[in-house]
Structures are given as C-alpha cells and as structure tokens.
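What the coordinates show
These are the residues of each chain, in order.
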Amino acid sequence: FAPVNEAFDGLPLGWFANLLLPENEDILTKILSYHVVAGAAFSTDLTDGQALTTLEGTALTVNIAGGTITISDASGKDVDIVEADIEASNGVLHLTREIFVPELDVVEVARISGYSTLVSLVETAGLTETLEGEGPFTIFAPNNLAFEGLVAPEGEALTDLLTYHVVADELLAADLTDGQVLTTVQGEDITVNIDGTTVTITDANGNVSTVSRTDLVGSNGVIHGLEAVLLPAATIPEVASIYGYSGLVDALVAAGLDEALAGSSWTVFAPTNEVFEGLPVDGDGNPVIENPLLSNILTYHAIEGDPIFSGDLTDGQVATMANGDEVTVSIDEGTGAVTLTDELGNMVGVTATDIRASNGVIHEIDGLLTPSLDMVDVATLNGFTTLVDLAVGAGLGPVLTDPDANLTIFAPTNEAFDAVSEVLGGLTEAEVLAVLQYHALPAIRDAASFTIDGEQIATAQGEIVTVRLDGEAVTLEDGQGNTVNVTAVDVAANNGLIHVIDAVLLPPTPEGGN
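Observations regarding the overall build of the chain
Scanning the chain from terminus to terminus reveals 19 helices and 27 strands. Against the 2.2 N^0.38 benchmark of 24 Å for 514 residues, the chain shows a C-alpha radius of gyration of 34 Å, more extended than a compact globule. Taken over the C-alpha atoms alone, the chain extends approximately 120 × 50 × 45 Å along its principal axes. Buried residues in the chain amount to 45% of all 514 residues. Nonlocal contacts in the chain, meaning residues at least 24 apart in sequence, comprise 59% of its contacts between residues at least 6 apart. Taken as a whole, the chain presents about 24100 Å² of accessible surface, with 50% of it coming from carbon and sulfur. Taking the average place of the 8 positive charges on the side chains of the chain and the average place of its 79 negative ones, the gap between the two points comes to 12 Å.

Structure (structure tokens):
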C-alpha cells in the first residue's frame with residue numbers, strides 16, 4: 001500500500017523530517033513495513049472485514065462498501081485507495097491517499113514529533129520503559145527550545161521534573177477546561193488555563209507555559225507540546241540552578257546564603273554567569289572575593305518580602321535591598337527597557353523577568369550591582385589584590401576605608417606590580433609606603449577634571465605627577481620620567497574614585513636614597 005506524495009504532507013508537523021534522522025530509523029522501518037503485506041493481494045482478492053497482517057506484525061482492516069475499498073489502520077482511520085492493482089514483477093501496489101500509522105507509544109511519538117531533548121532526558125532518568133508501558137499517559141512536552149539555557153538536574157530531581165509533565169490519564173485537548181487542576185505523576189498539581197483559543201499551563205511556582213501543539217496521539221496516551229518547562233515547587237536557589245545561573249548559585253553557597261534564600265520570600269536580581277566569570281580570581285582560578293564582602297554584594301541583589309514582579313516595577317522606584325542599601329529603577333518610556341542604578345551610580349540592564357520560584361521571583365540582570373563600598377572593597381572587587389595587600393600591609397587600611405577619605409587612587413594592575421616586584425622587594429617599608437602614597441591624590445578628581453595637558457598634580461606622598469593628554473588618551477609621567485597609561489577611569493567607591501593604570505608610578509629618587 002503506497003502512499004502518494006501528497007500523503008506525506010498530511011503527517012503531523014515535523015514527522016517527515018524527523019523520520020529521516022538516523023536515530024529514528026527504527027520507527028521509519030516500523031511505519032514502512034506497516035504498508036507491506038506478504039503475498040500479492042489484488043483488489044479482487046480483498047473482502048470486507050478482512051484482516052491483512054503486515055510485515056510490521058500488526059494488521060490492517062479492509063472495508064468495502066458499495067464497491068469502494070478503504071483500509072483502516074491501528075488508529076481506526078479509514079484510508080482511501082486512490083489507484084488499485086498496479087502490478088509489478090514481484091507483487092502489486094495500491095496507491096493510498098494517506099499514510100497508515102501503526103501503534104506508536106508516546107515515546108515514539110515524541111521522538112518523531114521533534115521532542116528529542118525531552119526524550120533524551122527521559123532516557124537519562126530511566127523512564128523510557130515506563131512511558132512505553134500500558135499507560136494511559138498525557139504528556140505535556142516542552143519543545144527543544146524550551147530546554148535551551150536550562151541545566152537539567154540529576155537523579156531523583158530529574159525524575160521529579162520529568163514526571164511533573166505527566167498525568168496518568170489520556171486527556172485530549174477537548175477534555176481540558178479552564179481552571180482544571182491536574183495531579184501529575186510526580187504528585188504535585190498543574191493548572192489548565194483557557195482564554196479563547198489559547199491554552200496555557202501554570203506550574204506549582206506560578207510560571208506559565210503556552211500549549212503550542214495538541215493531540216499527538218500514541219497507542220498509550222497523548223502528547224501536548226509546551227513552549228516552556230514546568231517546574232514542581234522549587235526554591236530560589238533550585239530554580240536558579242535549573243535556569244543556569246550557576247555563578248550565582250556557587251556564590252550563594254560560598255557565602256553561606258543558599259539556605260537563607262531557600263526560605264522566607266525573596267525578589268532576586270540574578271547576574272548572568274558571564275558577569276561572575278568576569279570577577280577576579282587568584283593564580284589557581286579561585287575567587288578572591290570572600291565574606292564579608294561577598295555576602296554584602298549578594299544581599300545587595302535580593303529584596304526580602306512579597307515578590308516584586310516586573311509589573312510591579314515603576315520608573316524612579318527606590319528599592320531597599322537585603323543589605324540595607326538602595327537600588328533605583330528606571331524604565332524607558334519608549335522601549336520599556338528596565339535598568340537598575342546601584343549605590344555607586346553603575347547601571348545594569350534587566351534582561352529577563354518573572355522567573356518564579358515557590359518562595360519568590362528571579363529577574364536576570366547583565367551586570368553586578370555594587371553596594372556602597374569603600375576603596376579597599378572596590379579595589380578587591382575589581383581585582384587589584386596586590387595593591388590592596390600592599391596598602392593594608394603598609395598600614396593604609398584605615399585611611400582607605402575612612403568614609404570621609406575623599407581620595408583619588410591611580411591603581412596599578414596586578415601585572416603592573418609583578419613587573420616591578422624586584423624593585424619593590426628591595427625597598428624599605430617606609431619607601432614602599434611612599435610609593436603607595438604617590439598613587440593617591442588627597443581629593444576626588446574624576447576623568448573629566450583632567451583637561452590641561454602638562455598639569456602637575458600633587459600626590460599624598462608630596463611629589464608631583466604630570467598629566468599628559470593626547471586626544472582621548474591620558475597618560476601620567478612619574479618622578480622617574482616613566483610614562484604610564486590610564487586604561488580605565490572613574491571606578492567609584494563611597495569614599496573616592498579609582499583610575500586604573502598599566503604600570504607602577506615611581507616618585508623621584510630622594511638625594512642619597514633608593
């Protein structure tokens with residue numbers, strides 16, 4: 001029984017392309033062999049009600065009414081014979097208007113319907129045999145795109161996630177009603193919402209997924225396609241982990257805050273992994289930011305209390321974070337883009353919103369919110385660990401943490417200090433102190449204030465540094481005649497500013513000195 005070309009257009013979306021994939025060859029073989037009967041059966045040989053056993057192993061049923069022949073497949077669908085009795089040397093062909101579909105379980109239907117990520121996770125969790133069983137099952141199947149960017153849990157948590165998409169009953173689209181509550185195999189409920197022709201499913205956390213396909217019927221159940229993954233009740237850290245915010249989760253664990261954010265109720269602004277990857281590390285690749293600074297920064301990304309969803313944000317809104325500092329919300333009137341301004345004037349964009357957890361909501365941001373930090377903490381956060389170590393060792397810690405310091409620091413990078421390590425190693429403690437003080441100005445000078453080429457500025461050490469301007473490029477000339485490049489400017493602290501330089505400034509050599 002040979003389907004005409006147009007018959008393949010009638011297959012459910014994606015079936016034809018997916019059947020041609022190497023991993024689905026067994027299903028393709030099953031379907032094709034379901035169209036073949038051993039022996040040449042011409043139309044005159046067929047009788048009403050006759051069962052034709054196919055090479056696939058199950059039968060097709062012949063129907064004859066008023067001289068018209070149709071064939072019923074395993075689903076009960078009647079298929080017309082377009083042209084009969086096309087004789088060949090080794091048999092006969094009957095052209096059919098549609099394709100016969102043998103009994104396919106819901107796993108097989110998911111495979112050829114394009115839900116390959118879901119099928120792969122089902123295999124990983126060891127659930128394939130169960131879902132190939134008697135059923136009946138209704139599977140709410142997230143498409144492959146829904147899983148992109150998510151990190152599947154392992155072990156029992158993966159099983160819970162997958163079985164939360166399965167109901168132990170066959171529910172066709174016509175069986176779903178608005179407000180219907182369905183208990184999943186995992187044990188928790190999902191809720192059906194119907195608005196006109198739009199059907200959505202709400203999970204235990206309040207996240208909503210749109211039903212994009214319906215009634216992909218298998219022999220032991222039915223599949224409805226979803227545009228997003230449903231989550232059983234999960235805390236902020238658990239949801240953050242599944243959504244791929246591993247940098248945030250790792251930092252919460254390191255700071256000992258993961259348990260706190262699993263309780264109470266929270267709104268969390270979650271920096272992307274790329275933001276955390278940009279934070280400084282030591283020579284072994286370990287983060288250099290530790291408590292109490294780490295806890296201060298992380299609690300500056302969370303608000304305790306009733307969840308604040310995107311619809312609750314307003315332009316100019318000031319939010320008090322868990323560490324006590326404030327963040328200001330800005331909403332672009334034209335585009336609706338949301339940005340947050342931190343205590344030091346830095347702005348970050350909100351790039352995803354309303355990722356719900358059982359105890360709150362997560363909004364994604366593209367940068368790190370910086371609380372009110374002094375010069376030491378800001379220098380540490382930006383990776384100037386050698387400068388911090390030398391300054392604290394020289395007794396300058398109290399000065400750099402003084403709220404009223406009002407300093408400008410030219411901060412050499414760690415690499416800059418490495419380049420003069422032998423020189424510094426030969427200096428006395430007093431001389432090291434002098435070098436460090438030579439990098440500080442006893443007043444706040446932002447980049448815009450340097451407008452005069454050749455300006456000589458007095459440092460806290462007492463000697464002069466000369467500013468050189470060449471277009472937008474700014475360099476400094478030290479007391480030894482060395483030229484140093486300013487590579488970044490106006491890194492704000494609550495008691496001053498930092499400008500980054502690529503070499504260490506050296507004051508003039510005192511008479512008879514080193």
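Describing the sheet that holds strand S12 (residues 208-218)
Ordered by their spatial adjacency, seven strands build an open sheet running S8-S7-S13-S12-S11-S10-S9, and the pairing between neighbours is mixed. Edge positions in the sheet fall to strand S8 (166-167) and strand S9 (181-183), since each of these pairs with one other strand and no more. Where strand S10 (residues 189-195) lies against strand S11 (residues 198-202), five bridges are found, and the strand directions are antiparallel. In the sheet register, Asp 195 faces S11, and the bridge partner there is Thr 198.

Re a negative patch on the surface
A contiguous patch of negative charge, built from Asp 169, Glu 170, Asp 175 and Asp 215, is present on the exposed surface. Tracing the chain through its elements places Asp 175 in the loop between S8 and S9. Of the residues examined, Asp 175 reaches a relative accessible area of 37% and is grouped as partly exposed.

Considering unusual backbone geometry
Of note, the bond from Gly 135 into Pro 136 is cis; its omega dihedral lies within 30 degrees of zero at 0°. The backbone of Ser 264 sits at a positive phi, close to 55°, despite the residue not being glycine. If you trace the backbone, Ser 264 turns up in the loop between helix H11 (258-262) and strand S14 (266-271).

Description of helix H3 (residues 25-33)
Within the span of H3, buried status applies to Ile 27, Ile 31 and Ser 33. Looking at the buried positions of H3, the neighbouring elements they touch are helix H2 (15-19) and helix H4 (106-112).

Side note on the pairing of S14
Burial analysis of S14 places six of its six residues in the buried class, the great majority of the element. Side chains Trp 266, Val 268 and Ala 270 of S14 all project onto a buried face; the interleaved residues Thr 267, Phe 269 and Pro 271 project onto the opposite face, where all are buried too. As defined by bridge partners, S14 adjoins strand S15 (residues 302-304) across three bridges and the pair is classed as antiparallel. What sits directly across from Thr 267, in S15, is Ile 303. Relative to strand S20 (residues 360-365), S14 runs parallel, the two being bridged by six bridges. The residue bridging Thr 267 from the neighbouring strand is Val 361, located in S20.

Calculation criteria
- Residues numbered from 1 in each chain as written.
- Predicted model: local features only at pLDDT ≥ 70, side-chain atom pairs only at ≥ 80, totals over all residues.
- Heavy atoms only, no water.
- Helix = DSSP H or I, 4+ residues; strand = E, 2+ residues; numbered from the N terminus.
- Rg over C-alpha atoms; globule rule 2.2 N^0.38 Å.
- Buried < 20%, exposed > 50% of the residue type's maximum accessible area, 1.4 Å probe, protein only.
- Contact = heavy atoms within 4.5 Å.
- Areas by Shrake-Rupley, 256 points an atom, 1.4 Å probe, with all protein chains shown as cover.
- Lys, Arg positive; Asp, Glu negative; His and termini not counted.
- Charge placed at Lys NZ, Arg CZ, Asp CG, Glu CD.
- Pairing = 2+ DSSP bridges.
- Patch = residues over 30% accessible without salt bridge, like charges linked within 9 Å, V, L, I, M, F, W, Y side chains within 5 Å.
- Salt bridge = Lys/Arg side-chain N within 4 Å of Asp/Glu carboxyl O.

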